[in-house]
Amino acid sequence: MVISMKLHSTREEIDEVCAIVKHYGYKVHSIEGEERVVIGVVGVGDVTACFESVESLPQVDNVVRISAPYKFVSREFRKGKTRIKVHGTEIGGDEFTVIAGPCSVESEEQIMRSAEMVAKAGAKLLRGGAYKPRTSPYDFQGMEEEGLKLLKKAQQATGLAIVTEVMGDRDVELVAQYADVMQVGARNMQNFMLLKALGKCGRPVLLKRGLSSTIKELLMSAEYIVAHGNPDVILCERGIRTFETATRNTCDISAIPVLNELTHLPVLLDPSHATGKRSLVPAISRAAVAVGADGLIIEVHPAPERALSDGAQSLDLTQFAKLMGDLKPYIALWKESRVNQVAAIAG
Ligand code: PEP
Ligand code: MN
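In this text, all values refer to a predicted model and were calculated from it rather than measured experimentally. (Residues numbered from 1 in each chain as written. Chains lettered and ligands numbered in written order. Predicted model: local features only at pLDDT ≥ 70, side-chain atom pairs only at ≥ 80, totals over all residues. Heavy atoms only, no water.)

Considerations on the overall build of the chain
In plain terms, the rule: Only runs of H or I of at least four residues qualify as helices and only runs of E of at least two qualify as strands under DSSP, and these elements are numbered from the N terminus. Using C-alpha atoms as the atom set, the radius of gyration is obtained and then compared with a globule rule of 2.2 Å times the number of residues to the power 0.38. Note on contacts: a residue pair is in contact if any heavy atoms of the two residues lie within 4.5 Å. Method for areas: the Shrake-Rupley scheme with a 1.4 Å probe, in which residue coverage is limited to the protein chains shown. Under this rule, positive means Lys or Arg and negative means Asp or Glu; His and the chain ends count for nothing. All charge positions are set by atom: Lys at NZ, Arg at CZ, Asp at CG, Glu at CD.
Each helix and strand in the chain was counted, giving eleven helices and 14 strands. Computed over its C-alpha atoms, the radius of gyration of the chain comes to 21 Å, within 12% of the 20 Å expected for a compact globule of 347 residues. If one aligns the C-alpha atoms of the chain with their principal axes, the spans along those axes are about 65 × 40 × 40 Å. Long-range pairs, those at least 24 residues apart, make up 69% of the contacts in the chain between residues at least 6 apart in sequence. A total of about 15400 Å² of accessible surface is found on the chain, and carbon and sulfur atoms cover 52% of it. Looking at the chain, you have 41 positive and 43 negative side-chain charges, and the mean spots of the two groups are 4 Å apart.

Here you go:
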């Protein structure tokens with residue numbers, strides 16, 4: 001059950017609701033926005049009695065019963081999509097969003113050139129890891145704060161919003177000084193200390209699905225971030241591990257419509273990690289548009305053959321510009337269907 005208080009409810013009014021909820025055996029988890037407080041009711045209790053008692057209070061705007069274990073991120077909680085404003089652009093709204101850039105920030109020249117070219121081709125956000133989760137400890141680990149500074153410079157030159165990975169809870173404050181969107185990598189999807197810290201980071205979070213995680217686990221991880229105070233979570237399907245070896249991961253394309261049924265959070269697809277192979281990126285990108293993803297996050301490098309990480313799955317700048325052109329008619333259809341969806345929800 002989730003209780004939305006009326007705008008500007010007083011502390012006493014909120015406490016009264018919490019006391020009733022606890023009286024019926026539940027735990028309270030509240031999110032305090034600037035104008036509105038939303039109270040999540042979790043645990044086991046007398047649901048009907050609690051519902052009726054709370055619903056009748058004058059300070060309560062509405063109460064929704066939510067059967068899923070994830071409350072705040074479920075579709076039952078909110079019918080319309082969550083729209084997330086990021087540095088002059090919006091994810092989850094009426095525009096299909098493309099995030100592009102190299103796997104890792106490697107040098108000033110590399111990131112500046114990438115930023116200029118992806119902006120020119122129509123990307124709205126620049127990706128690039130300064131902290132890299134590598135399978136081998138001997139591989140390039142990222143430029144760390146130096147890389148963050150270069151990302152900032154690229155933003156100043158192009159106006160692109162910055163998406164970059166944060167690997168540990170102790171780095172959240174530092175990364176948030178540079179990033180517009182905090183990326184949680186697949187390997188960290190269940191790093192609960194990190195998820196809790198991101199609840200308080202004041203920046204939208206791009207949460208990637210774990211290599212062997214179910215959709216329910218992904219949503220529970222998103223719930224961690226929201227329950228700890230940050231409603232701006234963007235989900236990302238990036239391929240999962242299966243018995244198949246022809247691709248680096250298996251792209252679970254059905255995860256996109258499944259997530260669109262289960263949650264109001266925006267959903268992106270990462271065709272680069274999902275396939276591991278640049279020749280497959282265009283086809284999977286078209287599929288993402290067709291199945292209703294809110295956007296793509298694509299690896300692009302000025303010289304993929306010399307990339308320090310993930311070169312084989314990175315497009316060069318010309319290939320990326322071509323892909324953006326080829327996606328246009330698909331995105332036009334996407335927009336039509338998005339307008340219809342929004343109208344249907346508004347009734
Ligand atoms: C990345 O985006 O470069 C990355 C490491 O992705 P993932 O966490 O999905 O493997
Ligand atoms: Mn990568």
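After presenting the structure, the write-up continues.
With respect to the side chain of Glu223
Going by this rule: The cut-offs for exposure are 20% and 50% of the maximum accessible area for each residue type, with area from a 1.4 Å probe on protein chains only; residues under the lower value are buried, those over the upper are exposed, and the others partly exposed. By convention in these notes, a salt bridge is any Lys or Arg side-chain nitrogen within 4 Å of a carboxyl oxygen on Asp or Glu.
Within the fold, Glu223 resides in helix α7 (residues 215–227). Although Glu223 lies buried, it forms no salt bridge, and the closest oppositely charged side chain, Lys71, sits 7.4 Å away as judged by the N-O distance. The contacts of Glu223, once residues within four sequence positions are left out, are Tyr70, Lys71, Phe72 and Val73.

As for helix α2 (residues 47–55)
Our working definition: To be clear, the arc concerns the directions from the helix axis to the C-beta atoms.
Looking at α2, one finds that the buried residues are Cys50, Phe51 and Val54. Looking down the long axis of α2, one finds its buried residues gathered within 100° of arc, a one-sided arrangement. In this fold, the buried residues of α2 make contact with β1 (2–5), α1 (11–23) and β4 (60–64).

Concerning the packing of α1 against α2
Cut-off, in case you're wondering: Between N-to-C directions, angles cover 0 to 180 degrees, with each direction set by a line fitted to C-alpha atoms, over the stretch in contact for helices. Roughly parallel means an angle under 35 degrees; roughly antiparallel, over 145; roughly perpendicular, 65 to 115; everything else is oblique. For a crossing to be left-handed, the near helix must be turned anticlockwise from the far one by less than a right angle; the clockwise case is right-handed. Under the scheme applied here, ten amino acids are nonpolar (Ala, Val, Leu, Ile, Met, Phe, Trp, Tyr, Cys and Pro), four are charged (Asp, Glu, Lys and Arg), and all others, including Gly, are polar.
At a minimum axis separation of 9 Å, α1 and α2 run at an interaxial angle of 165°. As far as their axial angle goes, α2 and α1 are roughly antiparallel. For the pair α1 and α2, the crossing hand works out as right-handed. Here Val17, Ile20 and Val21 of α1 lie close against α2, whose contacting residues are Cys50, Ser53 and Val54. Residue composition of the contact of α1 with α2, by class: five nonpolar, one polar and no charged.

Notes on unusual backbone geometry
Positive phi, close to 55°, is recorded for His8, a residue that is not glycine. With respect to the helices and strands, the residue His8 is situated in the loop between β1 and α1. Of note, the phi angle at His87 is positive, near 45°, even though the residue is not glycine. Tracing the chain through its elements places His87 in the loop between β5 (84–86) and β6 (89–91).

Considering the coordination of the manganese ion (ligand 2)
Put simply, the rule is: Water is not among the atoms examined, so metal sites may look incomplete; donors are the N, O and S atoms within 2.8 Å of the metal, or within 3.2 Å for Na, K and Ca.
Every protein donor of the manganese ion (ligand 2) is accounted for by Cys103 (SG), His273 (NE2), Glu299 (OE) and Asp310 (OD), and the metal-donor separations fall at 2.0 to 2.4 Å. In primary sequence terms, the donor set of the manganese ion (ligand 2) follows C-x169-H-x25-E-x10-D. With Glu299 in strand β14 (residues 295–299) and Asp310 in the loop between β14 and α11 (317–346), this residue pair connects regions lying eleven residues apart in the sequence. Per residue, the accessibility class of Glu299 equals that of Asp310, and both read buried.

Looking at the site of ligand 1
Note the cut-off: We call a residue near a molecule or strand whenever a single non-hydrogen atom of that residue lies within 4 Å of it. Any pair of N or O atoms that falls within 3.5 Å is considered a polar contact. Within protein, one atom must be able to donate a hydrogen and the other to accept it, and sequence-neighbouring residues count only if both atoms are side-chain atoms.
In the vicinity of ligand 1, 13 residues are found, and the nearest of them are Arg127, Ala186, Arg187, Lys208 and Arg238. Between Ala186 and ligand 1, the recorded distance is 2.7 Å, taken from a backbone N or O atom to an oxygen atom. The contact in question runs from an oxygen atom of ligand 1 to an N or O atom on the side chain of Glu299, over 3.2 Å. When isolated, ligand 1 has an accessible area of 300 Å², and the protein chains bury 97% of it. Within the shell around ligand 1, the residues separate by chemical class into three nonpolar, three polar and seven charged.

Here we look at the sheet that holds strand β7 (residues 97–101)
Rules: Two strands are said to pair when DSSP picks up at least two bridges between them.
One closed barrel holds the eight strands; their spatial order is β7-β8-β9-β10-β11-β12-β13-β14, and the pairing between them is parallel. In this sheet, neighbouring strand axes are inclined to one another by 25° on average, regardless of whether the strands run parallel or antiparallel. As paired elements, strand β9 (residues 161–165) and strand β10 (residues 181–184) share three bridges and run parallel to each other. Across the sheet, Glu165 pairs through a bridge with Gln183, a residue of β10. Here helix α8 (residues 255–262) sits on the sheet and contacts β12 (233–237) and β13 (267–269); the angle it forms with β13, its principal contact strand, is near 175°. Of the strands in this sheet, β13 and β14 touch helix α10 (residues 281–290), which is tilted by about 165° from β14.

A word on the packing of aromatic side chains
What counts is decided by this rule: Ring pairs are drawn from Phe, Tyr and Trp, using the six-membered ring of Trp, whenever the two centres fall within 6.5 Å, and their geometry is named by plane angle: stacked under 30 degrees, edge-to-face over 60, tilted for the rest.
The full count for this structure, using the stated rule, is three aromatic pairs. Aromatic pair Phe72 and Phe77: ring centres 5.8 Å apart, planes at 80°, arrangement edge-to-face. Look at Phe96 and Trp334: their rings are 5.4 Å apart centre to centre, the planes differ by 80°, and that puts the pair in the edge-to-face class. With Phe96 in the loop between β6 and β7 and Trp334 in helix α11, this residue pair connects regions lying 238 residues apart in the sequence.

Side note on the nonpolar core
Proteins that are soluble and globular tend to have nonpolar side chains buried together. Selection rule: Residues belong to one nonpolar core when they are buried, are Ala, Val, Leu, Ile, Met, Phe, Trp, Tyr or Cys, and are joined through side-chain atoms within 4.5 Å.
Counting residues in hydrophobic clusters, the biggest one holds 75 residues, and the most contacted among them are Leu126, Met182, Leu198, Leu207, Leu235, Ile298 and Phe320. For Leu235, the contacting residues outside a window of four places in its chain are Leu206, Leu207, Leu218, Leu219, Ala222, Leu259, Thr263, Leu265, Pro266, Val267 and Leu268.

Concerning the pattern of salt bridges
Per the stated rule, a full pass over the model turns up 18 salt bridges. Taking the shortest distance from any N to any O, the salt bridge between Arg127 and Glu299 comes out at 3.4 Å. Of this pair, Arg127 sits in strand β8 (residues 125–127) while Glu299 sits in strand β14; the two residues are 172 residues apart in sequence, bridging distant segments of the chain. For Glu299, a relative accessible area of 1% gives the class buried. Residues participating in the shared-partner salt-bridge network are Arg83, Lys85, Glu90 and Asp94.

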